[in-house]
Amino acid sequence: MAASGRPPAAEAQRLAEAQARTAHWKRWGPYLAERQWGTVREDYSADGMAWAYLPHDHARSRAYRWGEDGLLGISDNHQRLCFALALWNGRDPILKERLFGLTGPEGNHGEDVKEYYFYLDATPTHSYMRALYKYSQHEYPYARLVAENARRGREQPEFELLDTGIFEDDRYFDVLVEYAKASPNDVLVRVTVENRGPEAAPLHVLPTLWLRNTWSWERAARKARLVRNEAPAGSTVVRVEHPELSPDFRLYAEGTPRLLFTENETNTRRLFGDGEPDAGRKDAFHEAVVHGREDLLLPGEEGTKVAAQHRLTIPAGGRTILRLRLVDGMPAAPFGPEFDHIFTERQREADEFYATVVPDRLGA
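Residues numbered from 1 in each chain as written. Predicted model: local features only at pLDDT ≥ 70, side-chain atom pairs only at ≥ 80, totals over all residues. Heavy atoms only, no water.

Enquirer: So what about helix H7 (residues 338-355)? Which residues, and what values?
Expert: Since the α-helix advances by 3.6 residues per turn, residues separated by three or four positions end up pointing in the same direction. Compared with the 26 Å implied by 1.5 Å per residue over 18 residues, the 25 Å span of H7 between its first and last C-alpha is a close match. Turning to H7, its buried residues number three or more, namely Phe 339, Ile 342, Phe 343, Arg 346, Glu 349, Ala 350 and Phe 353. Seen along its axis, H7 keeps its buried residues to an arc of 130 degrees; they face one direction. (Helix = DSSP H or I, 4+ residues; strand = E, 2+ residues; numbered from the N terminus. Expected span 1.5 Å × (residues − 1). Buried < 20%, exposed > 50% of the residue type's maximum accessible area, 1.4 Å probe, protein only. Arc of directions from axis to C-beta.)

Shown next, in the form of structure tokens:
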């Protein structure tokens, strides 16, 4: 019981269970970096030039050694299994799978991420999380950001993404990602995309599940698999086959999105060979979605990286909601009425918890 004699708030109870290790509420959380490339985390070069060893242009094609990155994603606490979003507006030269920015030597004021993303809510056990990413409907100006900031000296302001004009006339999408836990190993995902622009606009949304590549670095590591599974009506299912995770772990996607499969393996041909990409490599989704290279996907229905491709056209001022569920088990109705109810409850419990932390005398 709480000091007041009232039962503890739901989030406080989850924290107590996590502390006592009676329920592993913190097993799944925001442990996935949004930017792993171009930092000391992935420097195993001969000369120690950490900023240059793994540039952004390599990130989509190169398997990381020490960790993974993704857009507004999650993973388990050992980062064996990762989940994040990938986006494409039909104009960008690459799939938007991770944040772009300038490395230390590239920025006129040092390292700087050139994106607009906002963490809006989260509980300590990650029972509820909400984050927002603003994605322009114009082509992302990768080269211009690098060139203009290189031209400017330290006494000049940084050249920001907003300065490029790609958000003019509100031609962008608000991509809101929410996570709510029904139990420690049952994570509900809700993606809400709103078109803020004056006209209908296309958008590819690819919720992506993948296994961190340990087999390339650790001789004893066994290569796990993600396999398409039989699904209840109205859903699409991928089963996780990993020696350290329950054999009943599955990702459910509502509806019938197309599943794309590949391997989380370095595309050595593109990076270090003649430039033509190999099939079944980390960058296969980029090649298939942006360049139409379907031949670079795995032909079967298994791999170590899978995406549920949703091709949307969202009207001006309109919204689309996608629902997914990463769960240890086989719920009979993974997207039944309780799905949205759990989000409502977790939001309420988050507010209830922080009301015990933030003093009443503070204003908005």
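Enquirer: Report on the layout of surface pockets, specifying residues and quantitative values.
Expert: Considered as a void within the structure, the largest pocket measures approximately 260 Å³ in volume. As for the largest pocket, its lining consists of 17 residues, and the residues nearest its centre are Pro 30, Gly 73, Tyr 119, Met 129 and Ala 131. For the lining of the largest pocket, the element with the most residues is strand E7 (residues 117-122), which contributes four residues. Its residues placed into classes, the lining of the largest pocket shows 11 nonpolar, three polar and three charged. (1 Å grid on protein atoms, 1.4 Å probe; cavity = no way out; pocket = protein on both sides within 12 Å on 5 of 7 lines; lining within 4 Å. Points joined across faces, edges and corners; volume = space filled by probe spheres on them. Nonpolar A, V, L, I, M, F, W, Y, C, P; charged D, E, K, R; others polar.)

Enquirer: Lay out the sheet that holds strand E15 (residues 249-254) with the relevant residues and their values.
Expert: Across the sheet, which stays open at both edges, the nine strands sit in the order E7-E8-E9-E10-E19-E15-E14-E13-E17 with antiparallel pairing between neighbours. Edge positions in the sheet fall to E7 and strand E17 (302-303), since each has one partner strand and no second. In the sheet, strand E10 (residues 186-195) pairs with strand E19 (residues 319-328) via nine bridges, with the strands oriented antiparallel. Residue pairing across strands places Val 189 opposite Leu 324, the latter belonging to E19. Strand contacts of H7: E7, strand E8 (128-136), strand E9 (172-183), E10 and E19, with the helix running at about 85 degrees to E9, the strand carrying the most contacts. (Pairing = 2+ DSSP bridges. Contact = heavy atoms within 4.5 Å. Axes fitted to C-alpha atoms, helices over the stretch in contact; angles between N-to-C directions.)

Enquirer: Requested: an account of the packing of helix H1 (residues 10-20) against H7, with residues and values cited.
Expert: Running from amino to carboxyl end, H1 crosses H7 at an angle of 85 degrees, the nearest separation of the two axes being 7 Å. One way to sum up the angle between H1 and H7 is to call them roughly perpendicular. On H7, the residues that touch Ala 10, Glu 11, Ala 12, Arg 14 and Leu 15 of H1 are Arg 346, Glu 349, Glu 352 and Phe 353. The residue makeup of the contact of H1 with H7, split by class, is four nonpolar, no polar and five charged. (Parallel < 35°, antiparallel > 145°, perpendicular 65-115°, else oblique.)

Enquirer: Outline a nonpolar patch on the surface, supporting the account with residue identities and numerical values.
Expert: There is a patch of nonpolar side chains on the surface, built from Tyr 354, Val 357, Val 358 and Leu 362 and spanning about 340 Å² of accessible area. When its relative accessible area of 49% is taken as the criterion, Val 357 is described as partly exposed. (Patch = residues over 30% accessible without salt bridge, like charges linked within 9 Å, V, L, I, M, F, W, Y side chains within 5 Å. Areas by Shrake-Rupley, 256 points an atom, 1.4 Å probe, with all protein chains shown as cover. Salt bridge = Lys/Arg side-chain N within 4 Å of Asp/Glu carboxyl O.)

Enquirer: Account for the environment of Leu 209, with residues named and values stated.
Expert: By secondary structure assignment, the location of Leu 209 is in strand E12 (residues 208-211). For the pair Leu 209 and Leu 226, spaced 17 residues apart in the sequence, the C-alpha separation amounts to 8.5 Å. Look past the residues within four positions of Leu 209 in its chain and what remains in contact with it is Leu 81, Cys 82, Phe 83, Leu 226, Val 240, Leu 251, Thr 304, Lys 305, Val 306 and Leu 326.

Enquirer: Would you mind going over unusual backbone geometry in detail, with residue names and values included?
Expert: When glycine is set aside, most residues are seen to have a negative phi, and most peptide bonds are trans. Unlike most non-glycine residues, Arg 21 shows phi in positive territory, near 60 degrees. Secondary-structure assignment places Arg 21 in the loop between H1 and strand E1 (28-29). Its relative accessible area of 65% is what places Arg 21 among the exposed residues. Even without glycine at this site, His 126 takes up a positive phi of about 65 degrees. With respect to the helices, strands and loops of the structure, His 126 is situated in the loop between E7 and E8.

Enquirer: Hey, could you go over empty space enclosed by the protein for me, with residue numbers and the actual values?
Expert: Counted under the stated rule, the structure contains four cavities of 30 Å³ or more. If you add up the space inside the largest cavity, you get close to 120 Å³. Of all the secondary-structure elements, those providing two or more residues to the lining of the largest cavity are strand E3 (81-85) and E12.

Enquirer: Give a description of the pattern of salt bridges that names residues and reports values.
Expert: One pass over the full model with this rule turns up 44 salt bridges. Its salt-bridge partner being Glu 111, residue Arg 35 comes within 3.0 Å of it at the nearest N-O pair. Residue Arg 35 is found in the loop between E1 and helix H2 (50-53), and its partner Glu 111 is found in the loop between strand E5 (101-102) and strand E6 (112-113); the two are separated by 76 residues along the sequence. With its nearest N and O atoms 3.7 Å apart, the salt bridge here joins Arg 293 to Glu 276. Here Glu 276 lies in the loop between helix H5 (268-272) and helix H6 (284-291) and Arg 293 lies in the loop between H6 and E17, a separation of 17 residues in the sequence. For Arg 293, a relative accessible area of 27% translates into the label partly exposed.

Enquirer: Go over the pairing of strand E2 (residues 71-76) with me, naming the residues and quoting the values.
Expert: In terms of burial, E2 is a largely internal element, six of the six residues being buried. Where E1 and E2 come together, two bridges link them in antiparallel fashion. Bridging from a neighbouring strand, Gly 29 pairs with Ser 75 of E2. Where E2 hands over to E3, the hairpin turn is made up of four residues, of which Gln 79 adopts a positive phi near 50 degrees.

Enquirer: Hey, could you go over the confidence of the model for the protein for me, with residue numbers and the actual values?
Expert: Reading predicted coordinates in detail is not appropriate for stretches of low pLDDT. Put simply, the protein has an average pLDDT of 94, and 98% of its residues get 70 or more. The low-confidence segment residues 1-5 (pLDDT under 50) makes four contacts with residues lying over four places distant or belonging to another chain. (pLDDT = per-residue confidence, 0-100.)

Enquirer: Outline H6, listing residues and values.
Expert: For H6, the buried fraction is high: seven of the eight residues fall into the buried class. Looking at H6, one finds that the buried residues are Ala 284, Phe 285, His 286, Glu 287, Ala 288, Val 289 and Val 290. Taken together, the buried residues of H6 touch strand E4 (87-88), strand E11 (201-205), E12, strand E16 (258-262) and strand E18 (305-314). Positioned one or two residues after H6, Gly 292 has a phi angle of 70 degrees, which is positive.

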